[in-house]
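A structural walkthrough
These are the residues of each chain, in order.
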Amino acid sequence: MSRHLKETIIKGIFTAFAFASVLILALIVVFLFREGIPLFREVSAMDFIFGKEWYPTYDPPSYGIWPLIIGSVIVTIFSCLLAVPLGVLSAVYISEIAPASVKDVVKSIIELLAGLPSVVLGFFGMVVVAPFLQETFDLPTGLNIVNASVILAIMAIPTISSISEDALYAVPREFKEASYALGATKYETIAKVIVPAALSGISTAVILGMARAIGETMVGLMVAGGAAAIPESIFDSVRPMPASIAAEMGEAPFGSGHYHALFATGIVLFCMTLIFNIIADYISQKFKETGSATL
Amino acid sequence: MKWRYFRQHMFFAVVRLSALLIAMALGGIIVYIVVNGISVISWDFITLPPTDSMTKGGIMPAILGTLYLTIGAIAVALPLGVVSAIYLTEYAKQGKFIRLIRTGINCLAGVPSVVFGLFGLGFFVVYLHFGSCILSGALTLAALILPTIIGASEEALKAVPQMFREASLALGVSKWQTIYKIILPTALPGILTGSILGIGRAAGETAPIMFTAAAFFTAKLPGSIFDEVMALPYHIYVLATAGTHIEQTRPIQYGTALVLVGLVLGVDIIAIVIRGYMRKKKRW
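Residues numbered from 1 in each chain as written. Chains lettered and ligands numbered in written order. Predicted model: local features only at pLDDT ≥ 70, side-chain atom pairs only at ≥ 80, totals over all residues.

When you go through chain A residue by residue, the secondary structure sums to 13 helices and two strands. Over its C-alpha atoms, taken along the principal directions, chain A stretches across nearly 75 × 70 × 30 Å. Expressed as a percentage of the 295 residues in chain A, the buried residues total 50%. Expressed as a percentage of contacts within chain A between residues at least 6 apart in sequence, the contacts between residues at least 24 apart total 72%. (Helix = DSSP H or I, 4+ residues; strand = E, 2+ residues; numbered from the N terminus. Buried ≥ 20, exposed ≤ 12 C-beta atoms within 10 Å, placed from the backbone. Contact = placed C-beta atoms within 7 Å.)

Shown next, in the form of structure tokens:
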């Protein structure tokens, strides 16, 4: 076999393998829709998304996932209130303030935090945070929005921190030097030069952190309380979409309306995270720094 | 003038505090799990199956199940991921096709774990008739960790200096031989440490295996890849949330959590240490 032919064949094989990720993504879409679409013979898409009652096992069942969507959105927003400041500030600490030796330690800590299995965090929320909340605020249950948000924040921090840190690191050195040369303090340089220059990367980090929080299953399942109703206070229980899917899939008979409804919930969840990811992808491409001249 | 420096001190204090808070969160969780779990850990706990409707005995089948699933996932995802990364760094040219592949990888990385579970159920378990088994679970986990492995491999490949490639090509070596003999061996340690972080992810995930592989209890150890298995994360979840013995099995829950955390973080720490060592040793 000629050398040239061999090279061409190898390149072809590599190309095909590289395509695997796209193929898997396509298969995910195909199979979510294949199992989810049959639901819409029973209920309309509007009633499904905006319906306020989720009673999939009643007779007749009602498949409205609005309370689940609200549950997901609320815990995501609250967790971000905690995770965004902590994540971004820790990134500032790592890239601008920490001495070299401490820097590696903090980076490793954040990496390990990312490695903690979600079921262990959920378990921690159940046995530590829940009793604490219940006693401190005299609540009927400690499994609620606050608990889920705190635990989800712990999960989202590593994502936000590491991507923000990359963005801060990529800010050209000249920017800092120019700022110092003008007599700015380190704080002024960070707040008015470095962070604004890295803002697109930090936005990407925040969006991906939110995507992480909205898609997280075990925490929502174990500590959010599981009430499929629209919450009235931050100490109410909710049932985020992923938790609902995970909790009910085992009981839903194969091919039943309930089974299809859970796949349809998966479609909604998938679309929401996909939108987050596409926005993040778009921001990072559009504002890609190709050198100090582009800003 | 003074105000400017005062403000700087305040800001630095807040920044340090947030880093400290994160470290304390990690430390607090680990210490809590260790303190409560350590008394449960014994030789019997890790080598015996559960007995008396899960309230006594060990967690050996769950440890074994997690090992099977993780090894299966990595065996599929590692070659696929490394080859993808080689294509992206060595062969691909800027253009629409590579943009499509990159977007695909980024989107795959963002898919929620429970959606991977649904995909595994719809595709492997139902459509391909594998049923709920090790094979379905391992393939689902492989899809989940693929983006992690591609990312880690790409980073390692990019760190190979351009002159290595140029020197090899200048000697008349073909592109494939350059990749196989020069680039891969140089990047391999980086690829492996990066991929170890993927192993940790696969071992700790619960949602993707809930509908595709995991069983609450199996009377026998799995005999083939078409058997259901117990798994550590699922074991913790079920004992902590379902059944009638939640309080009674609390010690077992702590013990299982400790074993899982020890396994996952132990592997992660090894990877981080090796990586740090390699960075120091690097000669180019």
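That was the structure; now back to the text.
Glancing now at the overall build of chain B. Of the regular secondary structure elements, chain B holds 11 helices and two strands. When the helices and strands of chain B are listed from N to C terminus, the series reads α-α-β-β-α-α-α-α-α-α-α-α-α. Seen along its three principal axes, the alpha-carbon backbone of chain B occupies a region of about 70 × 65 × 35 Å. Counting the 284 residues in chain B, one finds 49% classified as buried. Summarising the internal contacts of chain B: among those between residues at least 6 apart in sequence, 76% fall at separations of at least 24.

On to the interface of chain B and chain A. If you look at the interface, chain B gives 72 residues, while chain A gives 69 residues. Examining the composition of the side of chain B that touches chain A, we find that 19 residues originate from one element, helix 1 (residues 2–37) of chain B, more than from any other. Looking at the side of chain B that touches chain A residue by residue, the class counts come to 51 nonpolar, 16 polar and five charged. (Nonpolar A, V, L, I, M, F, W, Y, C, P; charged D, E, K, R; others polar.)

Residue and element names in this part refer to chain B. Chain-level pLDDT for chain B is 89 on average; 99% of the residues reach the 70-or-more range. No element of chain B has a lower mean pLDDT than strand 2 (residues 56–57), which averages 80, and none a higher one than helix 5 (residues 113–127), which averages 94. If you check the scores for this complex, the pTM reads 0.91 and the ipTM reads 0.90. (pLDDT = per-residue confidence, 0-100.)

With that settled, the discussion passes to the environment of Ala219(B). Residue and element names in this part refer to chain B. Note that alanine 219 resides in the loop between helix 9 (207–210) and helix 10 (232–241). According to the C-beta neighbour criterion, alanine 219 is exposed, with 7 such atoms within 10 Å. In the structure, alanine 219 is positioned 170 residues away from proline 49 in sequence and 8.9 Å away in space, judged by C-alpha atoms.

So, on to the domain arrangement of chain A. Residue and element names in this part refer to chain A. Under the domain assignment used here, chain A contains domain 1 (3–37) and domain 2 (42–294). Distance from the C-alpha centre of domain 1 to the C-alpha centre of domain 2: 30 Å. Facing four residues of domain 1, the contacting portion of domain 2 comprises six residues. By residue class, the composition of the side of domain 1 that touches domain 2 is two nonpolar, one polar and one charged. (Domains from an automatic or database assignment.)

What follows concerns the packing of helix 5 (residues 100–115) of chain A against helix 7 (residues 145–169) of chain A. Each pair of packed helices gets described by two things: the angle between the helix axes and the distance between those axes. Residues and elements named next belong to chain A. Running from amino to carboxyl end, helix 5 crosses helix 7 at an angle of 135°, the nearest separation of the two axes being 8 Å. In terms of axis orientation, helix 5 runs oblique to helix 7. Note on packing geometry: the crossing formed by helix 5 with helix 7 is left-handed. Along its contact with helix 5, which presents Ile110, Leu113 and Ala114, the element helix 7 presents Ile154, Ile157, Pro158, Ser161 and Ser162. Of the residues belonging to the contact of helix 5 with helix 7, the class tally is six nonpolar, two polar and no charged. (Axes fitted to C-alpha atoms, helices over the stretch in contact; angles between N-to-C directions. Parallel < 35°, antiparallel > 145°, perpendicular 65-115°, else oblique. Left-handed = near helix turned anticlockwise from the far one by under 90°.)

With the exception of glycine, most residues fall at negative phi, and the peptide bonds are largely trans. Residues and elements named next belong to chain A. For aspartate 138, which is not glycine, the phi dihedral falls at a positive 55°. By the element assignment, aspartate 138 lies in the loop between helix 6 (118–136) and helix 7. On the basis of neighbour counts, which here come to 8 C-beta atoms within 10 Å, the residue aspartate 138 falls in the exposed class.

Two numbers describe how helix 4 (residues 66–97) of chain A lies on helix 1 of chain B: the axes approach to 8 Å, and their chain directions differ by 110°. It follows that helix 4 of chain A is roughly perpendicular to helix 1 of chain B by the angle criterion. Listed contacts from helix 1 of chain B to Pro85(A), Leu86(A), Leu89(A), Ser90(A), Val92(A), Tyr93(A) and Ile97(A) of helix 4 of chain A are Phe12(B), Val14(B), Val15(B), Arg16(B), Ser18(B), Ala19(B), Leu21(B) and Ile22(B).

All names here are of chain B. Its location among the elements puts phenylalanine 124 in helix 5. We classify phenylalanine 124 as buried; it has 24 C-beta atoms within 10 Å. The spatial distance from the C-alpha of phenylalanine 124 to the C-alpha of methionine 60 is 26 Å, given a sequence separation of 64 residues. Excluding residues that lie within four positions of it along the chain, phenylalanine 124 makes contacts with Phe130, Ser136, Leu139, Thr140 and Thr212.

Membership of the largest hydrophobic core comes to 190 residues, with the highest contact counts inside it found for Leu113(A), Val120(A), Ile151(A), Leu69(B) and Leu146(B). Taken domain by domain, the makeup of this core includes at least three residues from each of domain 1 (3–37) and domain 2 (42–294) of chain A. When sequence neighbours within four positions are dropped, the list of residues in contact with Leu113(A) reads Ile154(A), Ile157(A), Pro158(A), Ile22(B) and Leu26(B). (Core = buried A, V, L, I, M, F, W, Y, C linked by C-beta atoms within 7 Å.)

Let us now look at the environment of Gly190(B). Residues and elements named next belong to chain B. For glycine 190, the location among the structural elements is in helix 8 (residues 175–204). When the C-alpha atoms of glycine 190 and serine 153 are compared, they prove to be 7.1 Å apart, with 37 residues separating the residues in sequence. When near neighbours in sequence (up to four residues on either side) are disregarded, glycine 190 contacts Glu155, Ala156 and Ala159.

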